[in-house]
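# An overview of the molecular structure
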Amino acid sequence: MRTGAEVLAARQFDVLQGKRVGLIANHTARIDTTHLIDLLVTAPGVELVALFAPEHGLRGTAAAGEEIQDGRDVRTGLPVYSLYGAVHKPTPEMLANIEVLVFDVQDVGVRFYTYISTLGLAMQAAAEAGISFVVLDRPNPLGGENVSGFVLEPEQASFVGLYPIPIIYGLTIGELARLIQGERLLPGLENLKLTVVPLEGWRRSMQWPDTGRPWIPPSPNLPTFDAALAYAGTCFFEAVAGSEGRGTALPFLQIGTPWVDPQALADTLNARSLPGVRFLPATFTPQPRPGAPQPRYQGQRLYGVRLVITDRRSFQPVETGIHLLHAFYHQTPPAQQARFIERPQWLARLAGTERLYTLLQQGASPETIIADWHQAVTAFQEQRRPYLLY
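A few points on the structure. (Residues numbered from 1 in each chain as written. Predicted model: local features only at pLDDT ≥ 70, side-chain atom pairs only at ≥ 80, totals over all residues. Heavy atoms only, no water.)

### Structural notes on the overall build of the protein
Put simply, the rule is: Counting from the N terminus, the helices are the DSSP runs of H or I reaching at least four residues and the strands are the DSSP runs of E reaching at least two. Throughout, the radius of gyration refers to the C-alpha atoms, and the reference size of a globule is 2.2 Å times the residue count to the power 0.38. The contact criterion used throughout is that any non-hydrogen atoms of two residues lie within 4.5 Å. Exposure was quantified through the Shrake-Rupley algorithm and a 1.4 Å probe, taking into account, for residues, occlusion by the shown protein chains and nothing else. Counted as positive: Lys and Arg. Counted as negative: Asp and Glu, with His and the chain ends omitted from the count. By convention, the point assigned to a charge is CZ for Arg, NZ for Lys, CD for Glu and CG for Asp.
Counting its secondary structure elements, the protein contains 13 helices and 12 strands. Relative to the compact-globule value of 21 Å for 390 residues, the protein shows a C-alpha radius of gyration of 21 Å, a close match. Along the first, second and third principal axes, the C-alpha set of the protein runs to 65 × 45 × 35 Å. When contacts within the protein are restricted to residue pairs at least 6 apart in sequence, long-range pairs at least 24 apart make up 73% of them. Here the protein displays about 14900 Å² of accessible surface, and carbon together with sulfur accounts for 49% of that area. Within the protein, one finds 32 positive and 36 negative side-chain charges whose respective centroids are separated by 3 Å.

This is how it looks when you write it as structure tokens:
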């Protein structure tokens, strides 16, 4: 398998020849052991003039939500403009000396992961500036077949969800760029000159381990592929009175609150025979770690479960997240249930709808909640079909 960046490098960066180039990238933009920045800065006929950094920064070490500052790249001296600080979208001033804007960032295939919002806003800025936009395609780590979760409703649009797509959308970053433009998911993209440099040797059935490549954490709290796979469902716990595992060695793979019975919770969940996963009782105490300098419930003992993914192909991340939410919610003392979902607006942003919280409050079963998105997901699968490259 070869990434779009590797394909373009083998073609001597032909689509960038004679151009002043801006590059949106982070630490994942590598060709073998060399960063794309270093290749472009020495490529004959290519003038790299500016760098742009998404959430977590150019080197990928900043914590979730930590503002990134403008600066200069220590290796090349090029200006680095932050797209996760005072602005989320390149400004006309940033693009004034650029003829083509290139995007090469490894995504995780989940709607609320902010790199795809950076993608769309950068496309919009390029269209407004009248410059070309090139996406160097990369694998969707979750594969291209699983599509699941609520489709985002317009009133829930934010930087953690700009597009009316499911939580797991089953597209590569290049396919998503084509969908954003083709379906007018953001205004002003009609005349954007969009080029996607496709992958070679990638198939829709391939999850990250099938690529044979080492996992480079796309952000500090996704240190393993299993964490990224679970993230699509366990991220819901950012909105509750508990921990999604940040500040531990197993972010997004262990979930806890101050009050549940771990063994009873594990027994309840294991009795449901969810595909590809089993649950172990867990007790943990979040502590400051790289990428989580101030984790929620720091220093407090929490009780919950650890997810052990036994079959990554049959594992259903979003559905499992719904079962987890439901089990924790119903193990919460009735007088505290209203406080368990302590950030209902954030839950709506992540889910893409207020219906998840409403259904939980109404006592709906996990199966009822999951069935709620099936029709919209089926419609999306048809909508995305013209934009598939593989």
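Let's pick the thread back up.
### Overview of the packing of aromatic side chains
Counted only if it meets this: Centre distance within 6.5 Å is the pairing criterion for rings of Phe, Tyr and Trp, where only the six-membered ring of Trp is used; planes under 30 degrees apart are then read as stacked, over 60 as edge-to-face, and the remainder as tilted.
Applying the stated criterion across every chain, the model contains 13 aromatic pairs. On the basis of an interplanar angle of 40 degrees and a centroid distance of 5.4 Å, the ring pair of Phe52 and Tyr81 is categorised as tilted. Remark: Tyr81 occurs in strand S6 (residues 79-82) and Phe52 occurs in strand S4 (residues 46-53); sequence separation between them is 29 residues. Pairing Tyr329 with Phe340 gives two aromatic rings, centres 6.4 Å apart and planes at 50 degrees, and the pair type is tilted. One end of the pair, Tyr329, is in helix H8 (residues 317-331); the other, Phe340, is in helix H9 (residues 337-340), with 11 residues separating them in the sequence.

### Here's the deal with the packing of helix H6 (residues 225-234) against H8
Under the convention used in this document: Throughout, an axis means a line fitted to C-alpha atoms (over the contacting stretch in the case of helices), and angles, computed between N-to-C directions, take values from 0 to 180 degrees. Should an angle lie under 35 degrees it is considered roughly parallel, over 145 roughly antiparallel, and from 65 to 115 roughly perpendicular; all remaining angles are considered oblique. In this scheme the handedness of a crossing depends on how the near helix is turned from the far one: anticlockwise by less than a right angle means left-handed, clockwise means right-handed. Classification used: nonpolar for Ala, Val, Leu, Ile, Met, Phe, Trp, Tyr, Cys and Pro, charged for Asp, Glu, Lys and Arg, polar for all others including Gly.
Relative orientation of the contacting elements H6 and H8 amounts to 50 degrees, with a least axis distance of 6 Å. Here H8 runs oblique to H6, going by the angle between their axes. Of the two possible hands of crossing, H6 and H8 adopt the one that is right-handed. Where H6 abuts H8, its residues Leu229, Ala232, Gly233 and Thr234 lie against Pro317, Val318, Gly321 and Leu324. Residue composition of the contact of H6 with H8, by class: five nonpolar, three polar and no charged.

### Some words on the pattern of salt bridges
Selection rule: By definition, a salt bridge exists where a carboxyl oxygen of Asp or Glu is found within 4 Å of a side-chain nitrogen of Lys or Arg.
One pass over the structure, following the stated rule, counts 18 salt bridges. One salt bridge connects Arg385 with Glu382, and the closest N-O pair in it is separated by 2.6 Å.

### Details of the side chain of His326
To keep it simple, the criterion reads: The buried label goes to any residue with under 20% of its type's maximum accessible area, the exposed label to any with over 50%, and the partly exposed label to all in between, with areas taken from a 1.4 Å probe on protein chains only. We call two N or O atoms a polar contact when they sit within 3.5 Å, provided that within protein one can donate a hydrogen and the other can accept it, with sequence-adjacent residues counted only if both atoms are side-chain atoms.
Inspection of the secondary structure assignment puts His326 in helix H8. Relative accessible area serves as the criterion here: at 12%, His326 is assigned to the buried category. There is a polar contact of 3.3 Å between the side chain of His326 and the side chain of Arg272. In this structure His326 touches Arg272, Leu360, Ala364, Ser365 and Pro366, once residues within four positions along its chain are discounted.

### Points about the sheet that holds strand S1 (residues 19-25)
As a reminder of what qualifies: Being paired, for any two strands, means DSSP has found at least two bridges between them.
Read across the sheet, seven strands follow the order S5-S6-S4-S1-S7-S8-S9 without closing on themselves; strand pairing throughout is mixed. Looking at strand neighbours, the two that pair on one side only are strand S5 (71-72) and strand S9 (194-197), the edges of this open sheet. Pairing of S5 with S6 involves two bridges; the strand directions are antiparallel. Residue pairing across strands places Gly71 opposite Val80, the latter belonging to S6. Contacts between helix H4 (residues 115-129) and the sheet are confined to S1, strand S7 (100-104), strand S8 (132-136) and S9, with S8 contributing the most and set at about 155 degrees to the helix.

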